[in-house]
Amino acid sequence: MRAWTKEERYRVLKSAEEIRPLHERTAKSDYRQQYHIQSVTGLLNDPNGFVFHNGLWHLFYQWCPWGAVHGLKYWYHTVSSDLVTWKNLGACIRPDTEFDNKGAYSGSALPTGDSVYLYYTGNHRDEDWTRKSYTCLALLKDDGTAEKLPPLYGPNPGYTEHQRDPKIIYRKETGKYYIVLGAQTLDKKGRVIIYSSDSPTGDWSFAGELKVPGFEDFGDMWECPSIETISGYDVLLFCPQHLTLPGRGGTVHHNGYLLGHMDWESLTFLPDNTSFHVLDFGFDSYAAECAANPNDQTKATLVAWMGLPDAEYPTDEEDWSGCLTLPRELRVRDRRLIQQPLDALRALRGRKLDLEASALLPRVCEMELISRGGDMSLRLFAEESGSGGLAIVYDDEAKTITVDRSGLKRRFNVDQGEMRVRALPKGLFHLRIFIDRSSVEIFVNDGDAVFSSRIFPAEGEDRLRIEGDASLHLWELKRAVEDDFVV
């Protein structure tokens, strides 16, 4: 893999022409997605500022334009009217002030009347490379650019340099605005700290640390925190780092949630139980971002980075990396979050394929499987012999579903584990699978579980194999995201 110098990673992008040749090479990759948001060049990671305003969904992502490397980050802007087809608008927040001189890091958005405010972490580095994190504010203008306003506040001295990812929240019962921020205590414990204000742009004061009984020693940093209210439940979403969890292999970065009750007066989140629930059981999902649904308060819409920190992917060698998951509807059912594909995705369906005529598996398709009971085995992108590929196996006696990508030729992040297992106490009755050119998203039992993973099929890996009693339907899917070069 290429070794990047600090100067290369933190170079300022002055002109689109500097990266046009890189985009032209990137666009030729066999692994460019057809209906997922992906990096226009270089690296994509966290989704940011996901919000609905004036008939459009706005979604930004962390972007390092130079290659598959974490360096100087921008907010790249995309918009959609239906959460399916997306249009590139280009870089919106650029790291061009003293407060964000080494990156515009993750954050959120707030629509208020005719305005959308963007809250983000300004990553400042001194000459000796000492980090200072500022919570910054920008106004999204009609032309898609951002007008920066003075920073809201600087780093809190009671915590380490790791303070980032502001999530803006308004609570009607208190009449206040809150910013929840991921942080790390001086003795290296993951926390959420909270600031409050009477207005979205006014004076902000430190309100205190979020108390979460039973989770005082749960990873050394909590990234991308959010507190959502869905179907009358309070949900604390966050990404604890540098700890291992049962069934997650060697992965030390996780995205999950607690269901419970949030008391904004005492800044206490009381979990219903002591279980941290994984949000996505696949290999590649992190930094989930929620947007409220403007017409239905029983659900939210969620999107995540289909990747992980400290991970490598085959397209790194092509100098690009990263895509986002499909947006999903997020609800509460049986005291658990469920994620379901959007109904609007059905508009992408093209020709329905006759599986009796061919066992070839398209690189871009949607699959629906209805099980009639018993064991089930499905191999995606197997070899002609039927071996290899991505294995999806349901064991009816154990009531578990297993996803195993060790059979694919292009193996990566092996040290993080190549198998994921999810218990299905009610058995398996339904799978809905979305395949793009380098990803697969598996929705189990109408949203009870989801597995989001990157895969990179090689030559000869093009077959579908199924064993078990089930009906299977397969559709080709149309392109929904143009690979436009907009900077």
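In what follows, the structure referred to is the one given above.
Everything in this summary refers to the structure shown in the same document. (Residues numbered from 1 in each chain as written. Predicted model: local features only at pLDDT ≥ 70, side-chain atom pairs only at ≥ 80, totals over all residues. Heavy atoms only, no water.)

## Overview of empty space enclosed by the protein
The criterion, for reference: Definitions used for this entry: grid spacing 1 Å over protein atoms alone; cavity, a set of points where a 1.4 Å probe fits but cannot get out; pocket, an open set with protein on both sides within 12 Å along at least 5 of 7 lines; lining residue, one with an atom within 4 Å of a point. Grid points are joined across faces, edges and corners, and a volume is the space filled by probe spheres set on the points. In DSSP terms, a helix is any run of H or I states spanning at least four residues, a strand is any run of E spanning at least two, and both are numbered starting from the N terminus. In this classification, the charged set is Asp, Glu, Lys and Arg, the nonpolar set is Ala, Val, Leu, Ile, Met, Phe, Trp, Tyr, Cys and Pro, and all remaining amino acids, among them Gly, are polar.
All chains considered together, the criterion is met by 8 cavities of 30 Å³ or more. Approximately 110 Å³ is the volume found for the largest cavity. When contributions to the lining of the largest cavity are tallied by element, the ones reaching two or more residues are strand E1 (42-53), strand E5 (104-112), strand E9 (159-171), strand E13 (221-230) and strand E18 (286-292). It is E18 that provides the largest number of residues to the lining of the largest cavity, a total of 4 residues. Taken as a whole, the second largest cavity encloses approximately 80 Å³ of empty space. Lining the second largest cavity are 13 residues; nearest its centre among them are Leu 279, Leu 337, Gln 339, Asp 448 and Ala 449. Looking at the lining of the second largest cavity residue by residue, the class counts come to 8 nonpolar, 2 polar and 3 charged.

## Things to note about the nonpolar core
Let me state the cut-off plainly: We define the nonpolar core as a collection of buried residues of types Ala, Val, Leu, Ile, Met, Phe, Trp, Tyr and Cys that are connected through side-chain atoms lying within 4.5 Å of one another. Relative accessible area decides the class of each residue, using a 1.4 Å probe on protein chains only: under 20% of the type maximum gives buried, over 50% gives exposed, and in between gives partly exposed. Contacts were defined at the residue level, with two residues in contact if any of their heavy atoms lie within 4.5 Å.
Tyr 35, Phe 50, Trp 63 and Trp 86 are the most contacted members of the largest nonpolar core, which totals 52 residues. Among the elements of the structure, E1, strand E2 (56-64), strand E3 (74-80), E18 and strand E19 (300-305) are those that each provide at least two residues to this core. Tallying contributions element by element places E2 first for this core, with 5 residues. Apart from the residues lying within four places of it in its own chain, the contact partners of Tyr 35 are Leu 326, Leu 348, Val 364, Cys 365, Phe 434, Ile 435, Asp 436, Leu 477, Lys 478, Ala 480 and Val 481. Counting 33 residues, the second-largest nonpolar core is a separate cluster that includes Leu 390, Tyr 394, Ile 433 and Ala 449.

## Brief notes about the layout of surface pockets
Of the pockets and cavities examined, the largest pocket occupies roughly 920 Å³. Along the walls of the largest pocket sit 45 residues, with Asn 45, His 70, Lys 73, Pro 309 and Asp 310 positioned nearest its centre. At the level of elements, E1, E5, E9 and E13 are the ones that each hand at least two residues to the lining of the largest pocket. Take the lining of the largest pocket: its biggest share by element is 4 residues, from E1. In terms of residue class, the lining of the largest pocket is made up of 16 nonpolar, 13 polar and 16 charged. Here the second largest pocket defines a volume of roughly 650 Å³.

## Quick word on the sheet that holds strand E10 (residues 176-185)
Formally: Two strands form a pair only when DSSP identifies at least two bridges running between them. Orientation is described by lines fitted to C-alpha atoms, with helices fitted over the stretch in contact, and by angles between N-to-C directions that extend from 0 to 180 degrees.
Strands sit in the order E9-E10-E11-E12 across an open sheet of 4 strands; the sheet is antiparallel. The two strands at the open ends of the sheet, each matched to only one other strand, are E9 and strand E12 (205-209). When strand polarity is set aside, the average angle formed by the axes of neighbouring strands in this sheet is 30°. Bridge count for E10 against strand E11 (residues 190-197) is 8 bridges, and the pairing is antiparallel. Each residue of the ladder has a partner; that of Ala 183, found in E11, is Arg 191.

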